[in-house]
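Descriptive analysis of the structure
Next come the chains, spelled out residue by residue.
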Amino acid sequence: MARLIQWQLFIKWNPAGSYVDESAHLLGAEGEMSFVPAEEALLSSGRGVVDSCALTLRNGGGRFSPLNEAGPLYSYIQAGGAYRASVYLRVSIDGGSTWARVFTGVAKIPQEVGPTWREGPTVRIECRSMDELALQKRGSTPLSTFQGYHDGAYNEAQIIDALLASAGVTSRQIDVGTITIPWAWLDDESVLEECWALAAACGGRVYADPDGVTRYENFYHWTTAPHTTSQETLSFAAGGYQTLTPVYADGDLYSTVTVEHSSRQVGTADKLWTPDDPVSVPPLGSKKIVARLRQPAYTIDAPVVKATGAGGEDLTSSVSVACIYYAQRVEITLSNSHVTKTAFIANLRLTGRPLVGGPTQEVTRSTTDDGGNGAWWSGRGERTKSLRGNAYIQSEAQADMVARFLLHRLERPRLTFKLGGCLGKPGRRLGDRITINDGGVMTSARDAFITSIKWQLNGSGFVQDIEAIDAAQMHPYGSYFVLGTNKLGAGGGSLTAPIFY
């Protein structure tokens, strides 16, 4: 019996208005959501993924045509006005009352296709998930905030939460933090890219889900409910998918892992910046200077300037200085109140206590001494992976945690599953634990975590292609020590459990 697929598409053409129901015009949609597993994020400098969706709409009467002045949306979509219009798409199966979103995000400029002898006019709208907004938002950390992160002993979750808030991300869900990060700052950098790097350095991930919620999932997120229980079983016999391809990957297969870390300390008072060229301010004028520091500073002293006229006369009383302080830059505005004379600034400089990098150190872990696959590597030689350059790995303990974590992920060929032609389920989410059961491929069923979902939605149905990583390889010890539940020592009996990294 064919499934009944219903969809609802809403677009907010007017940023200050309400969503418009465009469901009747939607011909079809396709999209992809995925995130990078924690070990891959570390190896790729924390790079994350922005999910995508493409909508094809019937354009009868020129409804979505930006050149159609008579169109009902013309005032909003003319001259590229549809750029970053808010979009969400949700689906219901078999007439149920439960609707689940498969995408939430913002639109790019629609691309119109005129009518042909076979088809009527259509418009295609490429969309990006809510990550897109934070990715393009650049920021610089105020000096007081930089100091607050350090003095308040902020962990990675608190910093990520603060950075996302600064980028205007209001819908967010943040796991508790696991590692104190002494120093974190932005200097005209992408907020989301910085969150990706910070999360990766702590074994976590940041991504926006199909409901439009930006999430930080910490290092041990998949060891807790609901990820400890399979959400569904997919089998070929039951028609859950059309194809199953198990893949053992050896591209990231290593017997030894080395992780670099570098601490930082507050240095002694020193000169932080001087201008490259002489500075002058015209009469009744002002000049703005951006002082870029070689390294961030924990404290920055207010500049004291001396000003003279062209003849050497003292104009200091006519010059005022206003500063906006960031961790690695200062925006200086000099104003000259003298009516006729240009003020020449003689000694403009910034002093303070810079952040000084400590010596770089390394932690190395091998499968023979610290892993569980030494026998497999015997006779196969050695392969070493070095992780360097992540500024958020700032202590030996953190580097040791990351090294052990990476070793356990990389010392064995990684097993992933690709399931093609799955019956679409709008409530599926990245990170869901599923059971794959196919007697033609495996002796017994295996659990896996979903890391990617590609989907297609049209009049023929709703289909998903899934990629999932084998659960047994993710956490080699199964369950881990929980405070208040497990016990230490020989007397703990069945309540003993290994500590999670």
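Residues numbered from 1 in each chain as written. Predicted model: local features only at pLDDT ≥ 70, side-chain atom pairs only at ≥ 80, totals over all residues. Heavy atoms only, no water.

1. A short note on the pattern of salt bridges
Heads up, the rule is: Any carboxyl oxygen of Asp or Glu within 4 Å of a side-chain nitrogen of Lys or Arg constitutes a salt bridge here. Numbering goes from the N terminus for both helices and strands, where a helix is a DSSP run of H or I of at least four residues and a strand is a run of E of at least two.
Counted by the stated rule, this structure contains 25 salt bridges. R172 is paired through a salt bridge with D161; the nearest N and O atoms lie 2.5 Å apart. Remark: D161 occurs in helix α5 (residues 156–166) and R172 occurs in strand β10 (residues 172–174); sequence separation between them is 11 residues. Taken together, the shared-partner salt bridges in this structure form one network comprising E39, E40, R409 and R414.

2. Observations concerning the layout of surface pockets
Worth spelling out the cut-off: A pocket here means an open set of points on a 1 Å grid, computed over the protein atoms alone, that has protein on both sides within 12 Å along at least five of seven lines. A cavity is instead a set of points where a 1.4 Å probe fits but cannot get out; residues with an atom within 4 Å of a point line either one. Grid points are joined across faces, edges and corners, and a volume is the space filled by probe spheres set on the points. Note that Gly is not counted as nonpolar here; it falls among the polar residues with everything else outside the nonpolar set of Ala, Val, Leu, Ile, Met, Phe, Trp, Tyr, Cys and Pro and the charged set of Asp, Glu, Lys and Arg.
When its volume is computed, the largest pocket comes out at roughly 570 Å³. Along the wall of the largest pocket there are 24 residues; nearest its centre are Y220, T223, S479, Y480 and F500. Residues that form the lining of the largest pocket fall into these classes: 15 nonpolar, 8 polar and 1 charged. Of the volumes computed, that of the second largest pocket is approximately 260 Å³. Residue lining of the second largest pocket: 17 residues in total, with Y207, R215, E217, R429 and L430 positioned closest to the centre. Secondary-structure elements contributing two or more residues to the lining of the second largest pocket are β12 (205–208) and β13 (214–217). For the lining of the second largest pocket, a count of residues per class yields 5 nonpolar, 5 polar and 7 charged.

3. Things to note about the sheet that holds β10
The condition is simple: A pair of strands is labelled paired if DSSP reports no fewer than 2 bridges between them. For helices, the fitted axis covers only the stretch in contact; all axes are lines through C-alpha atoms, and the angles between them, taken along N-to-C directions, range from 0 to 180 degrees. Residues count as neighbours in contact if any of their non-hydrogen atoms are within 4.5 Å of one another.
Strands sit in the order β10-β13-β12 across an open sheet of 3 strands; the sheet is mixed. Of all strands in the sheet, those with a lone pairing partner are β10 and β12, marking the two edges. On average, adjacent strands in this sheet sit at an angle of 15° to one another, irrespective of strand direction. Bridge count for β10 against β13 is 3 bridges, and the pairing is parallel. Bridge pairing links I174 to Y216 in β13. Lying over the sheet, α5 contacts β10, β12 and β13, oriented at roughly 170° with respect to β10. Strands β12 and β13 of the sheet are contacted by helix α6 (residues 191–201), whose axis makes an angle of about 140° with β12.

4. Considering the pairing of strand β6 (residues 100–107)
Put simply, the test is: Only protein chains enter the accessibility calculation, which uses a 1.4 Å probe; a residue whose area is less than 20% of its type maximum is buried, one above 50% is exposed, and one in between is partly exposed.
Among the 8 residues that make up β6, 7 are buried, leaving the element largely enclosed by the rest of the structure. Across 6 bridges, the pairing between strand β5 (residues 86–93) and β6 is antiparallel. When the sheet's bridge partners are listed, V91 is paired in β6 with A100. Hairpin connection of β5 to β6: 6 residues between the antiparallel strands, including D94 at a positive phi of 55°.

5. What about the packing of aromatic side chains?
To keep it simple, the criterion reads: In this scheme Phe, Tyr and Trp rings, the latter by its six-membered ring, pair at centre separations within 6.5 Å, and the angle between planes marks the pair as stacked below 30 degrees, edge-to-face above 60, and tilted otherwise. Two conditions define a charge located above a ring, namely a distance within 6 Å from the ring centre to NZ of Lys or CZ of Arg, and an angle within 35 degrees of the ring normal.
In this structure the tally under the stated criterion is 16 aromatic pairs. Summarising the aromatic geometry, the rings of W13 and F64 are spaced 5.9 Å apart at their centres and angled 40° between planes, so their arrangement reads as tilted. Of this pair, W13 sits in the loop between β1 (5–12) and β2 (20–21) while F64 is found in the loop between β4 (52–58) and α2 (74–77), placing the two residues 51 residues apart along the sequence. Taken together, a centroid distance of 5.1 Å and an interplanar angle of 65° make the contact between F35 and Y207 edge-to-face. Of this pair, F35 sits in the loop between β3 (26–34) and α1 (38–43) while Y207 is found in strand β12, placing the two residues 172 residues apart along the sequence. By relative accessible area, which is 7% here, F35 ends up buried. Lying across the ring of F35, R205 places its NZ or CZ 4.8 Å from the centre. Cation over ring: R205 sits above W222, and NZ or CZ is 4.5 Å from the ring centre.

6. A few points about the nonpolar core
Rules: Take the buried residues of types Ala, Val, Leu, Ile, Met, Phe, Trp, Tyr and Cys, join any two whose side-chain atoms come within 4.5 Å, and each joined set is a nonpolar core.
Counting 48 residues, the largest nonpolar core has I160, I181, V206, V259 and L406 as the members making the most contacts within it. Going through the elements one at a time, α1, α3 (131–136), α5, α6, β16 (256–261) and α9 (396–410) are the ones with two or more residues in this core. The element best represented in this core is α6, accounting for 9 residues.

7. A word on the sheet that holds β16
Strand order in the open sheet made by the 3 strands is β27-β16-β28, with mixed pairing throughout. Edge positions in the open sheet fall to β27 (361–366) and β28 (384–387), since each of these has one partner strand only. Across this sheet, the average inter-strand angle for adjacent strands is 15°, counted without regard to direction. Where α9 meets the sheet, its contacts fall on β16, β27 and β28, and the angle it forms with β16 comes to roughly 155°.

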